[in-house]
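# Secondary and tertiary structure notes
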Amino acid sequence: MGGKVLDYESKHIYNDGIRAGRSEGRSEGLREGLREGQNILLITMIEGMMERHNMSLEEVCSYMGIKPEDYTKAKSEVEAYGNQL
């Protein structure tokens, strides 16, 4: 009888661990998705302004109040995700 209680307890602990891992994975996925979406939005805005207003990257970034490095970082992160803009 003692073995069944221990088996049940270990299964309960195991299942709790699985649930916690899934919850943590979902949270991390949401954070990654939001960051990717923000990066895509930033890239789209910058490239759109560059095309429509014949502005350089430096001019657009200055107008938006960001650094050109922010654009290049966002671009490399999005490409690392496997998205091609």
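Residues numbered from 1 in each chain as written. Predicted model: local features only at pLDDT ≥ 70, side-chain atom pairs only at ≥ 80, totals over all residues. Heavy atoms only, no water.

The secondary structure content of the protein chain amounts to 3 helices and 0 strands. Each helix (α) and strand (β) of the protein chain, taken in turn from the N terminus, gives the series α-α-α. Within the protein chain, the fraction of its 85 residues that count as buried is 16%. A sequence separation of at least 24 residues applies to 52% of the contacts in the protein chain between residues at least 6 apart. In the structure as shown, the protein chain presents an accessible area of about 6,700 Å², 55% of it carried by carbon and sulfur atoms. (Helix = DSSP H or I, 4+ residues; strand = E, 2+ residues; numbered from the N terminus. Buried < 20%, exposed > 50% of the residue type's maximum accessible area, 1.4 Å probe, protein only. Contact = heavy atoms within 4.5 Å. Areas by Shrake-Rupley, 256 points an atom, 1.4 Å probe, with all protein chains shown as cover.)

What follows is about the confidence of the model for the protein chain. When pLDDT is averaged along the protein chain, the result is 87; 88% of the residues meet or exceed 70. Put simply, helix α1 (residues 2–53) is where the protein chain has its lowest mean pLDDT, 86, and helix α2 (residues 57–64) is where it has its highest, 96. (pLDDT = per-residue confidence, 0-100.)

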